[in-house]
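For reference, the chains in residue letters:
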Amino acid sequence: MKKSLSKKELVWNVLVTLLALAGATIVSYLLVFVGGHTSNVSIVYMMAVVLISRFSNGYIPGVVASFISVMWVNLVFTYPFMHLNFTLDGYPVTFIAMMVISSITSATTTHLKYQNKIIREREKLLMEAEKETMRANLLRAISHDLRTPLTGIIGASNSYLDDNDSMSEEEKANLVNGIREDANWLLNMVENLLTVTRIRGTKTQIAKSLEPLEEVASEAVMRFHKRFPNTEVKVTVPDELVMVPMDATLIEQVIINLLDNAVYHSNSKDPVSLTISIEGSNARFDIRDHGVGIAPERLSTIFDGYTPSPNSSGDSHKGMGIGLSICKTIITAHNGTITAGNESLGAIFTFTLPLGENTCE
């Protein structure tokens, strides 16, 4: 059942119709009585009908405006003036044609507007569905990534308390190191979840400011080294000063997540590399490890936020899902791209940020 127009919409329709017809009348008056051009009056009123159809609600305003336009052109701008006369030679066909063309134009414009409204609603529904899918994936990733380290912490704590007298100092140290590692992982997860909340709270509209790439990379690596002081990171940045519009804290979180991923899942003690370069109108960030790489079947879904099975390294201790999903959310909010792939030795994660016109040499 078609929804009836509200009082506000009716008032708007009347206002739009009156203003458009009044404007057409003024222009036609200037054409006929000042410029002496009578042939363009019908076109002026048809343009008014198009505008009415475009900015009003429903079909009725355009149809009514078409009828009024035909009558008004005959009454005011056709000789004898101020008299309705459809009997003159050629006028009936002219005015019928004007009525038909105006009505068809009105109906077509209104239909196109309705189609555009449907398309926008469908796009909105698709966006909402995508958000729901991402939310579900994040919840699954959280349930997986929380359960494993928490189980490890509880198990190690129980072992330490129950078997304290019979354990060697080395065994105790290993248990404590395991607890610390799991606690650090949980802390990083909490930071990621706060990041998602921050982005979602602003409806993915983030505040950007010009930031130097070198300082952002340096801060991210420094924060990373607080958690992994023994992991070497080789950083390469452009020689020139490059300023990029970004939320520096969020981009640092992306770099840290990708470095964490390289440490936990590469099964390699070799240095990790962070290479930043300029590629066309984008700043490009490459994070490489020299480990076992990523299973090819996982590459297409690795940023979806859920890891259904352990990765190719056999590391079931912690999943990659939530951290990589948050990386994608952050980069997408910056209008950038992020990809994952394998090289001859190890994996590579690449993300880009638009430069705009902010490169300084």
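Residues numbered from 1 in each chain as written. Predicted model: local features only at pLDDT ≥ 70, side-chain atom pairs only at ≥ 80, totals over all residues. Heavy atoms only, no water.

*Asks:* Give a description of the overall build of the protein that names residues and reports values.
*Replies:* If you tally the helices and strands in the protein, you get 8 helices and 7 strands. Counting across all 361 residues of the protein, residues that qualify as buried make up 39%. Within the protein, contacts between residues at least 6 apart in sequence are counted, and of these 72% link residues at least 24 apart. In the form shown here, the protein has an accessible surface area of approximately 20,500 Å², with 61% of it arising from carbon and sulfur atoms. (Helix = DSSP H or I, 4+ residues; strand = E, 2+ residues; numbered from the N terminus. Buried < 20%, exposed > 50% of the residue type's maximum accessible area, 1.4 Å probe, protein only. Contact = heavy atoms within 4.5 Å. Areas by Shrake-Rupley, 256 points an atom, 1.4 Å probe, with all protein chains shown as cover.)

*Asks:* Account for the pattern of salt bridges, with residues named and values stated.
*Replies:* It is possible for side chains of opposite charge to pair when their charged atoms get near one another. One pass over the full model with this rule turns up 5 salt bridges. Of the charged contacts, one joins lysine 172 and glutamate 169 as a salt bridge, the two residues approaching to 3.8 Å between their closest N and O atoms. One end of the pair is lysine 172 and the other is glutamate 169, both in helix α5 (residues 169–201) and 3 residues apart, which spans about a single turn. Residue classification places lysine 172 among the buried residues on the basis of a relative accessible area of 14%. Across the pair arginine 284 and glutamate 279 runs a salt bridge whose closest N-O atoms are separated by 3.0 Å. Classification of arginine 284 by relative accessible area gives partly exposed; the value is 23%. Residues participating in the shared-partner salt-bridge network are Glu279, Arg284 and Asp286. (Salt bridge = Lys/Arg side-chain N within 4 Å of Asp/Glu carboxyl O.)

*Asks:* How would you sum up the layout of surface pockets? Please name residues and give values.
*Replies:* Roughly 640 Å³ of internal volume is contained in the second largest pocket. As for the second largest pocket, its lining consists of 24 residues, of which Phe228, Asn230, Thr231, Val263 and Lys269 are closest to the centre. Mapped by element, the contributors of at least two residues to the lining of the second largest pocket are α5, α6 (213–227) and α7 (248–265). Sort the elements by how many residues they give to the lining of the second largest pocket and α5 lands first, with 4 residues. Considered class by class, the residues forming the lining of the second largest pocket number 7 nonpolar, 9 polar and 8 charged. (1 Å grid on protein atoms, 1.4 Å probe; cavity = no way out; pocket = protein on both sides within 12 Å on 5 of 7 lines; lining within 4 Å. Points joined across faces, edges and corners; volume = space filled by probe spheres on them. Nonpolar A, V, L, I, M, F, W, Y, C, P; charged D, E, K, R; others polar.)

*Asks:* Provide a residue-level description of α7, including the pertinent values.
*Replies:* Taking 1.5 Å of rise per residue, 18 residues should cover 26 Å, and α7 covers 26 Å from first to last C-alpha, within 8% of that figure. Counting buried positions over the 18 residues of α7 gives 16, a clear majority of the element. Capping the start of α7, aspartate 247 holds a side-chain oxygen 3.2 Å from the backbone nitrogen of threonine 249, two or three residues further along. Note on α7: the residue one or two positions beyond its end, asparagine 267, has a positive phi of about 60°. (Expected span 1.5 Å × (residues − 1). Polar contact = N/O pair within 3.5 Å; in protein donor to acceptor, adjacent residues only side chain to side chain.)

*Asks:* Go over the packing of aromatic side chains with me, naming the residues and quoting the values.
*Replies:* Here the distance between the centres and the angle between the planes together describe a pair of aromatic rings. Within this structure, the stated rule accounts for 3 aromatic pairs. When the centroid spacing of 4.4 Å and the interplanar angle of 10° are considered together, the rings of phenylalanine 285 and phenylalanine 351 count as stacked. Taken together, the positions of phenylalanine 285 in strand β5 (residues 282–288) and phenylalanine 351 in strand β7 (residues 347–354) put the pair 66 residues apart, joining distant regions of the chain. (Phe/Tyr/Trp six-rings, centres within 6.5 Å; stacked < 30°, edge-to-face > 60°.)

*Asks:* Any chance you could break down α6 for me, citing the residues and the numbers?
*Replies:* Over its 15 residues, α6 runs 22 Å from end to end, which matches the ideal 21 Å to within 8%, given 1.5 Å per residue. For α6, the complete set of buried residues consists of Leu213, Val216, Ala217, Ala220, Val221, Phe224 and Arg227. Buried residues of α6, viewed axially, fall in a sector of 125°; they line one side. Of the exposed residues in α6, those oriented more than 90 degrees away from the buried face are Glu214, Glu215 and Lys226. (Arc of directions from axis to C-beta.)

*Asks:* Got a sec to walk through the packing of helix α2 (residues 41–55) against helix α3 (residues 60–76)? Specific residues and values, please.
*Replies:* Each packed pair of helices is defined by two parameters, the angle between the axes and the distance between the axes. The N-to-C vectors of α2 and α3 enclose an angle of 160°; their axes lie 9 Å apart at closest approach. The pairing of α2 with α3 is recorded here as roughly antiparallel in orientation. Here α2 runs over α3; the crossing is right-handed. For the pair α2 and α3, contact is made by Val41, Tyr45, Val49, Ile52 and Ser53 and by Pro61, Gly62, Ala65, Ser66, Ser69, Trp72 and Val73, respectively. For the contact of α2 with α3, the residue count by class is 8 nonpolar, 4 polar and no charged. (Axes fitted to C-alpha atoms, helices over the stretch in contact; angles between N-to-C directions. Parallel < 35°, antiparallel > 145°, perpendicular 65-115°, else oblique. Left-handed = near helix turned anticlockwise from the far one by under 90°.)

*Asks:* Just give me the short version of the confidence of the model for the protein, but keep the residues and values in it.
*Replies:* Per-residue confidence for the protein gives a mean pLDDT of 79, with 81% of residues at or over 70. When pLDDT is averaged over each helix and strand of the protein, the minimum, 76, is found for α5 and the maximum, 95, for β5. Predicted confidence is poor over residues 308–317, with pLDDT under 50, and the contacts of this stretch with residues over four places away or in other chains come to 19 contacts. (pLDDT = per-residue confidence, 0-100.)

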